[in-house]
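Topology and contacts: notes
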Amino acid sequence: MSFINYASREINCKIVYYGPGLCGKTTNLQFVYQKTAPDAKGKMISLATETERTLFFDFLPLALGEIRGFKTRFHLYTVPGQVFYDASRKLILKGVDGVVFVADSQEERMDANIESLENLRVNLQEQGYELDKLPFVVQYNKRDLPSVLPVDNLRKELNPTNVPDFEACATTGEGVFETLKAVAKLILVDLKQGK
Amino acid sequence: MANPQMVMYDEEFKQINSVIEKLLKEANAKVIFLVDKNGQLISGVGETERFDTTSLASLTAGNIAATGGMAKLIGEKEFSILFHEGEKDNLHISIVGGRVILVVLFDSRSSLGLVRLRVKKASDELTIIFGGLLKKAEEKEKSGDTDFPFAEITDDDIDNLFS
Ligand SMILES: Nc1nc2c(ncn2[C@@H]2O[C@H](COP(=O)(O)OP(=O)(O)OP(=O)(O)O)[C@@H](O)[C@H]2O)c(=O)[nH]1
Ligand SMILES: [Mg+2]
């Protein structure tokens, strides 16, 4: 849930990147961090294992600019994708304003994608949210790899409701900002409608 | 929505700041900040420019969330106070009114006992202010009297953010 501060004229929104282990959530944030001007970003925090797997979350605060005199900030979080970190994933979803589901396009990760998306639905429900009512976008990542499934196949399984979706290669940054913009826009439109 | 919208108005912002300014002095603390449970910084006083308060806010909320999860697993409601002792600086973290996190950073010029005592008093005052704030926001929403700035934003406004 966004935080509107009329005193300091700020609006803060929380975006969570969700998806199976190794799908590229952290890489998305790293790319955004690298490509954002120093004055528009805070420190990126990664609570990770020694092998660079996310242990609790990554956090990247962005201050993109002003809308109607209000500083608009987005706080980007990733969840740990590994199945056994489910308790942590639930915590990070608290107060979420928008979700990016990062799918791993490789054929052998299809089951993991489906399982993770189902896990997202269940965990949101536990917090009283419904995925279909939240600002939500899907990213098909790792399009550069040889064993990827056609986007149409991925879409059929992972995006039946036809939310905005994007092909990406998070390591080179392709599609990364398009994805972020899309979810940010959905959040702002929701705010506009006073949801 | 799972939670009511968190909002802050000028009047309450001033009240809150005067409570934590007073706490800063009375507890001999270095920095005090307030964070909502989702990790958004609400306000900070003291030597705030020496610390990355945005990151601290996010990690504090993560910390409270994690210990809250542990509490549930052992059948507790939540741990309402956390204390981290460092070589020089210490952190006293407590939950105010069930919703907001109060963080007090202090060194050897103060003591845990003093901080605890002062925090208790300040917490009661803050609980009342935040309670009133919540009510006010709910009433405003019901009556449709929101001076919400986003009602009139256009697609262009949104696109400009990313240009
Ligand atoms: N080829 C290729 N590799 C990628 C791409 N995106 C991420 N990777 C790699 O995939 C690996 C895992 O990426 P992470 O971003 O750490 O994955 P994650 O989703 O954060 O994983 P968890 O933290 O375990 O949930 C890293 O070695 C990345 O460099 C991509 O688009 N193409
Ligand atoms: Mg990660």
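Preceding this section is the structure that the text describes.
Here's what I pulled together on the structure shown here. Source: prediction; values computed, not measured.

Re the environment of G65 of chain A
Its location among the elements puts G65 of chain A in strand β4 (residues 54-67). For G65 of chain A, a relative accessible area of 25% gives the class partly exposed. In this structure the C-alpha to C-alpha distance between G65 of chain A and S46 of chain A, which are 19 residues apart in sequence, comes to 24 Å. Beyond its immediate stretch of four places on either side in the chain, G65 of chain A contacts F70, K71 and T72 of chain A together with L161 of chain B.

Details of the coordination of the magnesium ion (ligand 2)
All names here are of chain A. At this site the magnesium ion (ligand 2) is bound by T26 (OG1) and T54 (OG1), with donor distances of 2.0 Å. Residue T26 is located in helix α1 (residues 25-35), and its partner T54 is located in strand β4; the two are separated by 28 residues in the primary sequence. No difference in accessibility class separates T26 from T54, as the two residues are buried.

Observations concerning the interface of chain A and chain B
How big an interface is tends to be reported as the loss of accessible area on association of its parts. Contact with chain A, which involves 41 residues of that partner, is made by 37 residues of chain B. Across the interface of chain A and chain B, roughly 3,900 Å² is buried in total on both sides, 66% from carbon and sulfur atoms. The interface formed by chain A and chain B includes 1 salt bridge. Where chain A packs against chain B, one counts 4 residue pairs in polar contact (both at pLDDT 80 or more). Among the secondary structure elements, those contributing two or more residues to the side of chain A that touches chain B are β1 (3-5), β2 (10-18), β3 (45-48), β4, β5 (70-78) and α5 (176-192) of chain A. Counting residues per element, the side of chain A that touches chain B draws most heavily on β4 of chain A, at 8 residues. Grouping the amino acids of the side of chain A that touches chain B by side-chain chemistry returns 23 nonpolar, 9 polar and 9 charged.

Overview of the side chain of T36 of chain A
Residues and elements named next belong to chain A. By the element assignment, T36 lies in the loop between α1 and β3. Taking relative accessible area as the criterion, T36 reaches 10% and is therefore assigned buried. A polar contact of 2.5 Å, which involves the side chain of T36, links it to the backbone oxygen of V32. Ignoring any residue separated from it by four or fewer positions in sequence, one finds T36 in contact with K41, L62 and F177.

Observations regarding the pairing of β5 of chain A
Residues and elements named next belong to chain A. Most of β5 is tucked away, with 7 of its 9 residues classed as buried. The pairing of β4 with β5 spans 9 bridges and is antiparallel. Residue G65 lies in a different strand from β5, and its bridge partner there is T72. Linkage of β4 to β5, two consecutive antiparallel strands, is achieved through a turn of 2 residues, within which R68 is found at a positive phi near 50°.

So, the nonpolar core
Judged by nonpolar contacts, the single largest core of 64 residues is most densely connected at L76 of chain A together with L102 and F130 of chain B. If we skip the residues at most four places from it in the chain, F130 of chain B touches M6, M8, I16, L34, I42 and V100 of chain B. Core analysis: the second largest hydrophobic core is formed by 31 residues, V79, L120, F136 and L149 of chain A among them.

Considerations on the packing of aromatic side chains
Two aromatic rings, taken as a pair, are described by how far apart their centres are and by the angle between their planes. Tallied over the entire structure, the rule returns 8 aromatic pairs over all chains. Measuring from centroid to centroid gives 5.0 Å for F59 of chain A and Y77 of chain A, while their planes differ by 45°, and the two rings are tilted. Of this pair, F59 of chain A sits in strand β4 while Y77 of chain A sits in strand β5, and the two are 18 residues apart along the sequence. On the basis of relative accessibility, which here comes to 0%, the residue F59 of chain A falls in the buried class. Ring centres of F84 of chain A and Y85 of chain A lie 4.4 Å apart, and the angle between their planes is 50°; this geometry places the pair in the tilted category. Looking at F84 of chain A, the relative accessible area reads 60%, which means it is exposed. Members of the aromatic cluster, joined through ring pairs, are F56, F57, F59 and Y77 of chain A. Taking the ring centre of Y33 of chain A as reference, the NZ or CZ of K41 of chain A above it sits at 4.0 Å. The cationic tip of K140 of chain B hangs over the ring face of Y9 of chain B; the distance from NZ or CZ to the ring centre is 4.8 Å.

Parameters at a glance
- Residues numbered from 1 in each chain as written.
- Chains lettered and ligands numbered in written order.
- Predicted model: local features only at pLDDT ≥ 70, side-chain atom pairs only at ≥ 80, totals over all residues.
- Heavy atoms only, no water.
- Helix = DSSP H or I, 4+ residues; strand = E, 2+ residues; numbered from the N terminus.
- Buried < 20%, exposed > 50% of the residue type's maximum accessible area, 1.4 Å probe, protein only.
- Contact = heavy atoms within 4.5 Å.
- Donors = N, O, S within 2.8 Å, 3.2 Å for Na, K, Ca; no water.
- Buried area = accessible area lost by both parts, 1.4 Å probe.
- Salt bridge = Lys/Arg side-chain N within 4 Å of Asp/Glu carboxyl O.
- Polar contact = N/O pair within 3.5 Å; in protein donor to acceptor, adjacent residues only side chain to side chain.
- Nonpolar A, V, L, I, M, F, W, Y, C, P; charged D, E, K, R; others polar.
- Pairing = 2+ DSSP bridges.
- Core = buried A, V, L, I, M, F, W, Y, C linked by side-chain atoms within 4.5 Å.
- Phe/Tyr/Trp six-rings, centres within 6.5 Å; stacked < 30°, edge-to-face > 60°.
- Lys NZ or Arg CZ within 6 Å of the ring centre and 35° of its normal.

Honestly, that's just the spatial picture; any functional story needs more than this.
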